Amino acid sequence: MNSWAALGGRQRMVVMGATVAMVLAVWGLARLASAPNFALLYAGLENDAAGDVVTALEQRGVAYDVRGGAIFVPEAERDALRLTLASEGLPANSGQGYELLDSLTGFGTTSQMFDAAYWRAKEGELARTIVSNPQIAGARVHIANTTANPFQRDVKPTASISVTTTGGTLSVQQARALKYLVASAVPGMEPEDVAVIDGKGGLVGAESETGAGPTADDKAVLLRDRVQRLMEARVGNGNAVVEVSVDTVTESEMIRQRSFDPEGRVVISTDTQESSDQSQNEGGGNVTVASNLPSGDTGGNGSSSNAQSNDTRERVNYEVSETTREITKVPGAIKRLTVAVLVNGSYVDDGSGGQTFVPIPDDELTALRELVSSAVGYDEARGDQITLRSLPFERPEGLGTGPIEPGLLVGSIDTMRLIQMAVLAVVALILGLFVVRPVLAGTEAASAEGAMGALPSPDDPEAGPALDGEIEPLGGFGDLPMMGDGPDFSGMGMVDFDNPPDEDPVDRLRNLIQERKTETVEILRSWLEEDKERTP
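Now for a description of the structure that goes with this document. If you're wondering where the values come from, they're calculated on a predicted model, not measured in any experiment.

Calculation rules
- Residues numbered from 1 in each chain as written.
- Predicted model: local features only at pLDDT ≥ 70, side-chain atom pairs only at ≥ 80, totals over all residues.
- Heavy atoms only, no water.
- Helix = DSSP H or I, 4+ residues; strand = E, 2+ residues; numbered from the N terminus.
- Expected span 1.5 Å × (residues − 1).
- Buried < 20%, exposed > 50% of the residue type's maximum accessible area, 1.4 Å probe, protein only.
- Contact = heavy atoms within 4.5 Å.
- Salt bridge = Lys/Arg side-chain N within 4 Å of Asp/Glu carboxyl O.
- Pairing = 2+ DSSP bridges.
- Polar contact = N/O pair within 3.5 Å; in protein donor to acceptor, adjacent residues only side chain to side chain.
- Axes fitted to C-alpha atoms, helices over the stretch in contact; angles between N-to-C directions.

Remarks on helix α5 (residues 111-131)
- With 21 residues, α5 should reach 30 Å at 1.5 Å per residue; the first-to-last C-alpha distance of 30 Å fits that figure.
- Three or more residues of α5 are buried, namely Ala117, Trp119, Ala121, Lys122, Glu123, Gly124, Leu126, Ala127 and Ile130.
- Buried residues in α5 make contact with β4 (136-144), β5 (158-165) and α6 (172-185).

This is the structure in structure tokens:
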């Protein structure tokens, strides 16, 4: 109370303001330090789904924070909240599936309405299946299916898929998997009738009109993964880098060939015909005039002859060997294959504190090369090339250093929170050092002054006349008491400036003040009154 009473009005306001500011700064630091670290619960939800999640969090009394459409909860409770909300069907998926058919009744529902609801449910179910992939944030499926019309022929259903990924673009393998997923769910649909559209990469996995299979990039990725697994099984993870380049045929070609083999004859039919002819001729004698008369002789004795002939015919039909070949070459066939493999070696101590790189021996490189050749289907006649080298890998942390051990701060660090705490700490330190401390030092001085003795009141008759700060009063120095009657300053002694004492002057002055409290108070009082008179 004495310290507070010794302060002026302005000093009291300064002390109160600094105290309040310092208390607020300390309270802010404590609040930031004790506040939980928020982590992302859900993001990108629609308004209805986000509202349901917020309502569920409020019912459980869980602290949450909404930042630009994202919901944050304490990191320690995030996983448990996700499981609990998922058991309640939250967040609700905007795409509805077969539950749409539950609302249909037999009365008032036409076949067209049922077909529309059925295909809508089918699209919702497919979208749910696609979104279950952690790399896909959202998906929409559109199926173009014609109604049962007996007058329409050769009409096939088609579909399109629009996806939004969480990170990079959708790969070709993933797009092909989505095509087969939708095509397998819709009767009569082929995978090439499905188009996959990525919001970041555009049309993905588009095949040519000839229905070509995997592209060159797909084959290169497949071969690279094979070689990578082989190399890491021998040299360890991170000690091998594999790159594969595949040149494929980009044009299509159709070849029709027909050839005959004259030596390759086959009897297909045989026709044999046999004929026999027999004739006999008897002689009639000589021809005369008498033989021409009706009553004459027919002639004399003649000679007779017999004739017989046999004829055999055989017809054999042969079929000449014929070969008809039709060859269709589609794009995608491997034209040339190039494989580059970089393998790390080992390090040995060189004796001077450093390390020397030792490459893999040549015999081991030869064995690894044979493995690579078998894995990629190496064909020398095709012009394939395999390059295998053992070279040191660059390490930013230096050669031979071990793994970096995790430090004390293994969790996530909120940079904004650290900045806020640092600012509040600096404000509290400035207030304590440059505002509160000087004021408190002044109050301590005032308390020490009160301990030395209170100033005598001007109305006190024993206090004597008040000092006006003048050296010589109006009546002269006659009223002053003798030195013997006044304070005894004999103990102060004379100061020899040529030979100063060993005692500190400040300590000496403090001791004198303690010994001469009354005189000191009088001097201080005169100074204060003089300052008040000079102040306008």
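Section: the pattern of salt bridges
- A full pass over the atoms with the stated rule returns nine salt bridges.
- Here Glu88 and Arg60 are joined by a salt bridge, their closest N and O atoms 2.3 Å apart. Here Glu88 is found in the loop between α4 (78-87) and α5, whereas its partner Arg60 is found in helix α3 (residues 47-60), with 28 residues between them in sequence.
- Among the salt bridges present, the one from Asp65 reaches Arg67, with a minimum N-O distance of 2.9 Å.

Some details on the pairing of strand β12 (residues 346-349)
- Across four bridges, the pairing between β12 and strand β13 (residues 355-358) is antiparallel. Bridging across to β13, Val348 finds its partner in Thr356.
- Between β12 and the antiparallel strand that follows it, β13, lie five residues; Gly351 among them carries a positive phi value of about 90 degrees.

Some thoughts on the side chain of Asp384
- Residue placement: Asp384 occurs in the loop between α8 (362-376) and β14 (385-390).
- Judged by relative accessible area, which is 7%, Asp384 ranks as buried.
- Among the polar contacts made by the side chain of Asp384, one reaches the main-chain amide nitrogen of Leu337 at a distance of 2.9 Å.

Some details on the sheet that holds strand β7 (residues 202-204)
- Here we have four strands laid out as an open sheet, ordered β4-β5-β6-β7, and mixed in their pairing. Sheet topology places β4 and β7 at the edges, where each strand pairs with a single neighbour. Taking the axes of each pair of neighbouring strands and ignoring which way they run, one obtains an average angle of 25 degrees across the sheet.
- As defined by bridge partners, β4 adjoins β5 across eight bridges and the pair is classed as antiparallel. Counted as the bridge partner of His142 is Ser160 from β5.
- Packed on one face of the sheet, α5 meets β4 and β5 and runs near 150 degrees to β4.
- Most of the contacts of α6 go to strand β6 (residues 194-198), to which it runs at about 135 degrees, and overall it touches β4, β5, β6 and β7.

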